[in-house]
Amino acid sequence: MSSPPAERHEPSSEADGPPSEAADDARPGAAAALNRRVDRLVERLGQVQVSTWVTWLIVGGSVVFTILQLQPRLIVADTTPAGGDMGAHVWAPAYLRDHLLPDLRLTGWSPDWYAGLPVLQFYMVPPMLAIVALDVVLPYGVAFKLVAVSGVVTLPVAVWLFGRLAGLAHPAPALLAVGSVGFLFDRTYSILGGNIPSTLAGEFAFSISLTLAVVYLALVANGLQTGRYRALAAVVIAFVALTHVIPLFFAIVGTFVLLALYPSKPGLGWIATSAPVGALLAMWWLLPFWGQRRFMNDMGWEKKFPPTDAGVMEEIGFWLTRVFPQEARWVAYVAIIGVVAALVRRSAPAMFLIAMALIGSVGFVVAPQGRLWNERLLPFVHLCTYLLAAFGAAELVRWVAESTRNELRAWVSAGGAVLAAAVGIAMVAFPLHALPFGQERDGIYRWPVPPVVGTAWPFAFETTDSSYIPSWARWNFRGYERKDAWPEYRDMVLTMANIGERRGCGRALWEYNRSELDRYGTPMAPMLLPMWTDGCIASMEGLYFESSMTTPYHFLAQSSLSESPSRAQRGMPYRDFDIELGAQQLQLMGVRYYMALSDLATNAAQGHPDLTEIARSGPWVVFEVDGAPLVEPLEHEPVVLDDVGDAGHEWLPPTADWFQTPSRWEVLLASDGPESWQRSDTPDQAVRRPLPAVDVSEIESGDDWVRFEVSEPGTPVLVKVSYFPNWRATGAEGPWRVSPNLMVVIPTDTTVELNYGRSMVEIAGWGLTGVGIVLVVLLARAAPLTMPIWTREEPERDEDQDEGEEEGEDEEEGEDEDGSESLVDPVSPRA
């Protein structure tokens, strides 16, 4: 017997709460509740101060302006981004997605470039991981482009946040956003990092890290005054370190500068309980990076020095022309106003910018020759300079506002802020040809354009300058697929994929020619061969030059086999085109295919007995290299180099010269080996010790393993895979590093297998990160530290605000005009 239906009860008006209007009685309860929420939102928006609206307008306008110049329609187009290093960076997230993450790894090994390299061991993981995450819901190219521009698009918000949390008074925080826009579009440099040209060149990880560093410094500046944000600051500084190491230095130095500006024992405790936790969170990547840094390649970037014959004044001028932005020298003059205002008002946030600009400038001058190229410090100097200029403009606005009557002060401040922002954006937009009512004709950009032909404005501006940034963004974000040479490039890739299927997978060395290759979207386009062919055809050249110590030997071989080589690594004993030397280097490095592009290379390869033409595709002629197995036995015992360590500056000089002299290849140079191997500091005079003959067969390889059979154990075998200490051998002793940067093992069984594993330093790093996770949870649960009370200035008020505050309308203690806690221009502690 079925139960009777339950009695239905309609919600009463009492249960719904009292209606705001009589008409609500007839509405369903949910609709009435929604209506009331909308009414309350409208009411609150009506209570927002003018300065808050101005802030939103300026900061939002800065972000929107930046986005519009980056070709947003192309960013969301389903294409694979090209251009500079960016066109090769697209390989890494795809490899992380398809090979590392399925094995539950964030770093690992890949055979795709340079005869193998540790992937993301020395390059940044979070941007690549973010691309993979977005790729779940978006096309891969769109996900990549969105992450690539994320750092520059969010920088205006980050610097505004710094101004707010550090305590700058309105309108300075909003105008800092405008200053950051000037920095972003500055064309003084295009590779050092931080600005848009550098981002388009491929330094997007630097841009993201720099933005995170500014957010971190904002949290530090506020935390040293309020005792808050320790856990959040620890998480952010960890991401700064994991995203790019160089902005980490900026964040670390900035932390000490802020501590000097806000000195207190609780402040020191705030740093001591936050920064180390952030370091622990990043140890899973930082510790292996540091512990294995000796296996990084050094490209030999040279410090910028003034000419040796320069006098004192010429030397000073040399440094000044690099320290100050050359794109808009007027910025330096406005920044001087900011410096004077900072010193007069004793504004700690502004003095922080002064200190960071000075420290960066001094570092640029005195930094010694080394891995940290001194020009990589310039982005921080230029950013601080632009922000000081914005602070100077804000102080002019405040001075004018303070000179007016009280009832007009807020409105004068708001109008002045909008005017200053408009002027700043206009200065940036002028060379971009992005001003409304502007027009370019006959190579001259004029603004404003007269509304009627034959008329003239009483004032007008014109320039022949034209920023390359919009066209560069178009070039990158149109992608490979929309280039005129895409059919040619696609056919070349398909040809190589077909060769891999028919004749076997293997490495390819392609002839370099910048002008020819750039037609595809970037001179690095062939680096994507392993991505397009699912790893079947590896490229000897790759983007991550510092990740593999095989890199310099590749460029030596490329120089021998290219009519117009790149010779990217400095200070190497390069040779001109030499097909005989190049072919032997291909055999030594286990390169299976040679792709000739020029007539010189093609004709020479056709006449070489060890190079067999197997395919043509457009201008490309593909040759198979005979005698280049992945694993082969040695005829002579290696010799261990005495007093030569693993670091590149020790290992590279003797082995680079050896690599260029095939007559010396009978005896490989080793960094270490069994006690029975001979040692020598003059390997040319070493005794040649013949080895028994042995057969190697059944050679197989995967992403991070190599397996083969030998007829007899005991004879050293050369494995033509780049050496790295994570490799482990089963069924053999070793591996040991041998010239140029390959591996040798001594089989103890007929079956030998090498695997790329985890080092102890990696395991220790993950353990420390686990400790950091526990500590950051404890920090998040802990109460804020009690800090000294800092003097503060009263923020500007709207003329009708006082009554509302007296009634306590939606205002809480410690909140400013836009609802966020801030301290305004803290100067010194008071009792």
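Further up the page is the structure itself.
In this report, the structure presented in the accompanying data block is examined. (Residues numbered from 1 in each chain as written. Predicted model: local features only at pLDDT ≥ 70, side-chain atom pairs only at ≥ 80, totals over all residues. Heavy atoms only, no water.)

Topic: the overall build of the protein
To keep things clear, this is the line we draw: Only DSSP runs of H or I with at least four residues qualify as helices, and only runs of E with at least two residues qualify as strands; both kinds are numbered from the N terminus onward. The buried label applies to any residue whose accessible area, calculated with a 1.4 Å probe on protein chains only, is under 20% of its type's maximum; exposed applies above 50%, and partly exposed to all values in between. We call two residues in contact whenever any of their non-hydrogen atoms come within 4.5 Å of each other. Surface exposure here means Shrake-Rupley accessible area, sampled with a 1.4 Å probe, where a residue is shielded only by the protein chains that are shown.
In terms of helices and strands, the protein carries 30 helices and 23 strands. Within the protein, the fraction of its 831 residues that count as buried is 54%. For the protein, contacts bridging at least 24 residues in sequence account for 73% of all contacts bridging at least 6. As displayed, the protein has an accessible area near 35,900 Å², and 59% of this comes from carbon and sulfur atoms.

Remarks on the sheet that holds strand 3 (residues 439-441)
Remark on secondary structure: sheet strands pair via backbone hydrogen bonds, oriented parallel or antiparallel. Put simply, the rule reads: Note: two strands are recorded as paired if DSSP finds a minimum of 2 bridges between them. Inter-axis angles, ranging from 0 to 180 degrees, are taken between N-to-C directions of lines fitted to C-alpha atoms, where helices are fitted over the stretch in contact.
The strand order across the open sheet built from three strands is 3-4-5, with neighbouring strands paired in antiparallel fashion. Looking at the sheet topology across the chains shown, the edges are occupied by strand 3 and strand 5 (461-463). Neighbour-to-neighbour, the strand axes of the sheet open up by a mean angle of 25°, direction not taken into account. Of the pairings in the sheet, the one linking strand 3 to strand 4 (residues 444-447) comprises three bridges and is antiparallel in character. Considered in strand 4, the bridge of R441 is made with I444.

Looking at the sheet that holds strand 21 (residues 751-756)
With respect to topology, four strands assemble into an open sheet ordered 15-16-21-18, the strand pairing being antiparallel. With one partner strand each, in any of the chains shown, strand 15 (696-701) and strand 18 (727-730) form the two edges of the open sheet. Adjacent strand axes in the sheet meet at a mean angle of 15° when their direction is disregarded. Two strands pair when backbone bridges link them, and strand 16 (residues 705-710) and strand 21 are joined in this way by five bridges, in the antiparallel orientation. Of the residues in strand 21, the one forming a bridge with E709 is T751.

As for helix 11 (residues 204-226)
Stated precisely, the cut-off is as follows: In this scheme, a helix's expected span is set at 1.5 Å multiplied by one less than its residue total.
Spanning 23 residues, helix 11 covers 33 Å between terminal C-alpha atoms, matching the ideal 33 Å at 1.5 Å per step. Of all 23 residues making up helix 11, 21 are buried, and the element is well covered by its neighbours. Positioned one or two residues after helix 11, G227 has a phi angle of 80°, which is positive.

Let's talk about the packing of aromatic side chains
Working definition: an aromatic ring pair is given by the centre-to-centre distance plus the angle between the planes. For clarity, the cut-off: Here is the rule: rings of Phe, Tyr and Trp (six-membered ring for Trp) pair when centre to centre is within 6.5 Å. Planes less than 30 degrees apart are stacked, more than 60 are edge-to-face, and the remainder are tilted. For a ring to carry a charge above it, either NZ of a lysine or CZ of an arginine must fall within 6 Å of the ring centroid while also lying within 35 degrees of the normal to the ring plane.
Tallied over the entire structure, the rule returns 34 aromatic pairs. Ring centres of F144 and F204 lie 5.4 Å apart, and the angle between their planes is 70°; this geometry places the pair in the edge-to-face category. A residue pair is termed long-range when its members are at least 10 positions apart, and F144 in helix 8 (residues 140-166) and F204 in helix 11 qualify at 60 residues. The residues F144 and F204 share a single accessibility class, namely buried. Plain terms: the ring middles of Y480 and W532 are 6.4 Å apart, the flat faces sit at 90° to each other, and that makes the pair edge-to-face. Of this pair, Y480 sits in the loop between helix 21 (469-478) and helix 22 (486-503) while W532 sits in helix 24 (residues 529-532), placing them 52 residues apart in sequence. An aromatic cluster is defined as three or more aromatic residues linked by ring pairs; in this entry it consists of W109, F122, W285, F289, F295, Y723, F724, W727 and Y756. Taking NZ or CZ as reference, R293 lies 3.6 Å from the ring centre of W290, over its face. Above the face of the W475 ring, K483 is positioned so that its terminal group lies 4.4 Å from the ring centre.

Focus on the nonpolar core
A general tendency of soluble globular proteins is for nonpolar side chains to be buried together. Rules: The definition of a nonpolar core used throughout is a set of buried Ala, Val, Leu, Ile, Met, Phe, Trp, Tyr and Cys residues joined through side-chain atoms within 4.5 Å.
One finds M496, Y594 and F708 to be the most contacted residues of the largest nonpolar core, which totals 245 residues. Element by element, the count of residues in this core is highest for helix 8, at 15 residues. Contacts of F708, omitting those with residues within four sequence positions, involve V631, V696, S697, E698, I699, V717, V719, V745, T750, T751, V752 and L754.

Focus: the state of the cysteines
Note the threshold: The criterion for a disulfide is a pair of cysteine sulfur atoms lying within 2.5 Å.
Under the counting rule described, the total for this entry stands at one disulfide. Across the disulfide, C505 is cross-linked to C536 (sulfur-sulfur distance 2.1 Å). Linking C505 and C536, the disulfide has an S-S dihedral of approximately -100° and is accordingly described as left-handed. In this pair, C505 sits in the loop between helix 22 and strand 6 (506-510) while C536 sits in the loop between helix 24 and strand 7 (537-539), placing the two residues 31 residues apart along the sequence. According to the relative accessible area criterion, C505 is partly exposed, its value standing at 43%.

Brief notes about the packing of helix 11 against helix 19 (residues 378-402)
Spelled out, the test is: If an angle is under 35 degrees, it is roughly parallel; if it is over 145, roughly antiparallel; if it lies from 65 to 115, roughly perpendicular; otherwise it is oblique. Here a crossing is called left-handed whenever its near helix is offset anticlockwise from the far helix by less than a right angle, and right-handed whenever the offset is clockwise.
Packing of helix 11 against helix 19 leaves a shortest axis separation of 13 Å and a crossing angle of 50°. Between helix 11 and helix 19, the angle falls in the class oblique. The handedness of the crossing between helix 11 and helix 19 is right-handed. On the side of helix 11, the interface is formed by F206, L210 and V214, while helix 19 contributes P379, F380 and L383.

Here's the deal with the packing of helix 14 (residues 265-281) against helix 29 (residues 760-781)
How we decide: Residue polarity follows a fixed list, in which Ala, Val, Leu, Ile, Met, Phe, Trp, Tyr, Cys and Pro are nonpolar, Asp, Glu, Lys and Arg are charged, and the others, Gly among them, are polar.
Interhelical geometry of helix 14 versus helix 29 gives an angle of 140° and a closest axis separation of 7 Å. In this structure, the crossing between helix 14 and helix 29 has a hand that is left-handed. Contacts between helix 14 and helix 29 involve T273, S274, V277, L280 and L281 from the former and L768, T769, V771, G772, I773, L775, V776 and L779 from the latter. Classifying every residue of the contact of helix 14 with helix 29 gives nine nonpolar, four polar and no charged.

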